[in-house]
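# Structural description and commentary
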Amino acid sequence: VITPLRAALGLLAVGGLVAALGFGLSHDPRALPIVVINKIAPQETLRRLGGGRVRVPFAGRPTLLNVWASWCTECKKEHPLLVAAERRFGRRIAFAGLIYQDSVAGARGFLRARDRGPNGSYPNLLDPGSRAAIDYGVYGVPETFFIDRRGVIRAKVVGRMSWQTLEQGLAAISR
Amino acid sequence: MKPAAILLLTLLTLTLAPAAAASDRKDSGPLEQRVERVSQGLRCPVCQSLSVWDSPSQVSEAMRMRIRDLARRGESDAQIRAYFVARYGDWILLSPPRHGIALAVWLAPLLILLAGAAAATATVSGWRRRARALAAVDGAALAAGRAQLAELEQRRLP
């Protein structure tokens, strides 16, 4: 016998199942959450290509930190964008590269081919053991962090940036 | 060889073999055991459903190094896990956390089990009630039938 209570319970069970399936199927299980937004960026003092040590984020200046590697195809496509952006916004915003799981020779070769010389046009930092990358919660390359003058991460882009996403990130830290 | 000696030898082999195998592994001091324990609960960011302990990727190797560093600095397992959660979110944990919306994942099986038990109890008690009611009806009908029969028989007799 189908009583109203049984009908309601049945509808509830089927509805719940459909909702759960709908949620599961409409969400990418491999999509990575970004949890570092509005958190203080870790302070890292790292050796740069070409010598010397650099502390990121830069004190009192908005910082763009781009994580890259010479073995990363998307980084190769992205790099000219960063060089152009640094030329245009470099006076207001400090650019830095974080070299991820790469050799010095590999990184130099990458920069020699697509930047001004083997050390690049802005500091490119070595990160032995990926310690700094893990401090920043890096999943892979390329990834770009936009850090404001107070040292707070305001935006993060996973994957290759377009000029538009780059400008949006810079706008978030220019205030 | 006497059967008792064979038995003793077999037992000795069975108890000592795993210990010998374990000592073959690289450094298995308390620090490495902690690295193993914590990294088994963390998801490798570049793999499909593999823990940081099981993954041979470079990023997992770097994460194991970071766990080792933090453990050497005196951080507890919970603090080390919190370090990774702060950077990668709850996603980094292989088992969902026991708070917030993820708590539902832990409670759902229990709730479903309880609901099933309640439904089964309700159904069985319904059957028993109906059976009792039917038995009562049958008894009454039987008594009435017997009375009718007795009356008919009496009427038939001269």
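What comes next concerns the included structure. (Residues numbered from 1 in each chain as written. Chains lettered and ligands numbered in written order. Predicted model: local features only at pLDDT ≥ 70, side-chain atom pairs only at ≥ 80, totals over all residues. Heavy atoms only, no water.)

### Some words on the layout of surface pockets
Taken as a whole, the largest pocket holds about 1,000 Å³ of empty space. Along its surface, the largest pocket is lined by 24 residues, and Phe23 of chain A together with Pro96, Ile101, Ala102 and Val105 of chain B are the ones closest to its centre. Within the residue set of the lining of the largest pocket, elements represented by two or more residues are α1 (4-26) of chain A together with α5 (103-156) of chain B. The element that contributes the greatest number of residues to the lining of the largest pocket is α1 of chain A, accounting for 4 residues. In terms of residue class, the lining of the largest pocket is built from 16 nonpolar, 5 polar and 3 charged. Estimates place the volume of the second largest pocket at around 350 Å³. Contributing to the lining of the second largest pocket are Val1, Thr3, Leu5, Arg6 and Leu9 of chain A together with Ala119, Ala122, Thr123, Gly126, Trp127, Arg129 and Arg130 of chain B. Mapped by element, the contributors of at least two residues to the lining of the second largest pocket are α1 of chain A together with α5 of chain B. Per element, the largest residue contribution to the lining of the second largest pocket is 7 residues, and it comes from α5 of chain B. (1 Å grid on protein atoms, 1.4 Å probe; cavity = no way out; pocket = protein on both sides within 12 Å on 5 of 7 lines; lining within 4 Å. Points joined across faces, edges and corners; volume = space filled by probe spheres on them. Helix = DSSP H or I, 4+ residues; strand = E, 2+ residues; numbered from the N terminus. Nonpolar A, V, L, I, M, F, W, Y, C, P; charged D, E, K, R; others polar.)

### As for the state of the cysteines
Summed over the entire model, instances satisfying the criterion amount to 2 disulfides over all chains. The disulfide partner of Cys72 of chain A is Cys75 of chain A, and the gap between their sulfur atoms is 2.1 Å. Judged by the sign of its S-S torsion, about 90°, the bond between Cys72 of chain A and Cys75 of chain A is right-handed. A disulfide bridge connects Cys44 of chain B with Cys47 of chain B, and the sulfur atoms are separated by 2.1 Å. With the S-S bond torsion at 65°, the cross-link from Cys44 of chain B to Cys47 of chain B turns out right-handed. Look at Cys44 of chain B and you get buried, because its relative accessible area is 0%. (Disulfide = S-S within 2.5 Å. Buried < 20%, exposed > 50% of the residue type's maximum accessible area, 1.4 Å probe, protein only.)

### Regarding the interface of chain B and chain A
Contact with chain B, which involves 19 residues of that partner, is made by 19 residues of chain A. Summed over both sides, the interface of chain B with chain A buries roughly 1,500 Å², with 53% coming from carbon and sulfur. Among the residues chain B hides against chain A, the three largest losses belong to Arg87, Tyr88 and Trp91 of chain B. Together they make up 38% of the total. Connecting chain B to chain A are 2 salt bridges. Residues Asp69 of chain B and Arg131 of chain A are paired through a salt bridge, measuring 3.2 Å at the closest nitrogen-oxygen approach. On inspection of chain B and its partner chain A, the count reaches 8 residue pairs in polar contact (both at pLDDT 80 or more). Breaking the side of chain B that touches chain A down by element, the ones donating at least two residues are α3 (58-72) and α4 (77-88) of chain B. Looking at which element gives the most residues to the side of chain B that touches chain A, the answer is α3 of chain B, with 7 residues. In the side of chain B that touches chain A, the residues fall into 12 nonpolar, 3 polar and 4 charged. (Contact = heavy atoms within 4.5 Å. Buried area = accessible area lost by both parts, 1.4 Å probe. Salt bridge = Lys/Arg side-chain N within 4 Å of Asp/Glu carboxyl O. Polar contact = N/O pair within 3.5 Å; in protein donor to acceptor, adjacent residues only side chain to side chain.)

### Observations regarding the nonpolar core
Residue and element names in this part refer to chain A. Counting 32 residues, the largest nonpolar core has Leu98, Tyr136 and Phe145 as the members making the most contacts within it. By residue number, the principal contributor to this core is strand β4 (residues 94-99), which donates 4 residues. Not counting the four nearest positions on each side in its chain, Leu98 is found in contact with Leu46, Leu65, Asn66, Val67, Trp68, Leu125, Asp127, Ala132 and Ala133. (Core = buried A, V, L, I, M, F, W, Y, C linked by side-chain atoms within 4.5 Å.)

### A closer look at the sheet that holds strand β5 (residues 124-126) of chain A
Residues and elements named next belong to chain A. Judged by pairing direction, the sheet is mixed, and its 5 strands sit side by side in the order β5-β4-β3-β6-β7 without closing on themselves. At either margin of the open sheet sits one strand with a lone partner, and together these are β5 and β7 (153-158). For this sheet, the mean angle separating the axes of adjacent strands, direction not counted, is 20°. Taken together, the 5 bridges between strand β3 (residues 63-68) and strand β6 (residues 143-147) define a ladder with antiparallel strand orientation. Opposite Thr63, over in β6, you have Ile147 as the bridge partner. Sitting on the sheet, helix α2 (residues 73-89) touches β3, β4 and β6, and the angle it makes with β3 is about 160°. Packing of helix α5 (residues 163-174) onto the sheet brings it into contact with β3, β6 and β7, and relative to β6 it is tilted by some 25°. (Pairing = 2+ DSSP bridges. Axes fitted to C-alpha atoms, helices over the stretch in contact; angles between N-to-C directions.)

### A short note on the pairing of strand β1 (residues 44-47) of chain A
Residues and elements named next belong to chain A. Here β1 shows a clear split, with Glu44 and Leu46 buried on one side and none of Thr45 and Arg47 buried on the other. Taken together, the 4 bridges between β1 and strand β2 (residues 53-56) define a ladder with antiparallel strand orientation. What sits directly across from Arg47, in β2, is Arg53. Between β1 and β2, which pair antiparallel one after the other, the connecting turn spans 5 residues, and Gly50 there sits at a positive phi close to 95°.

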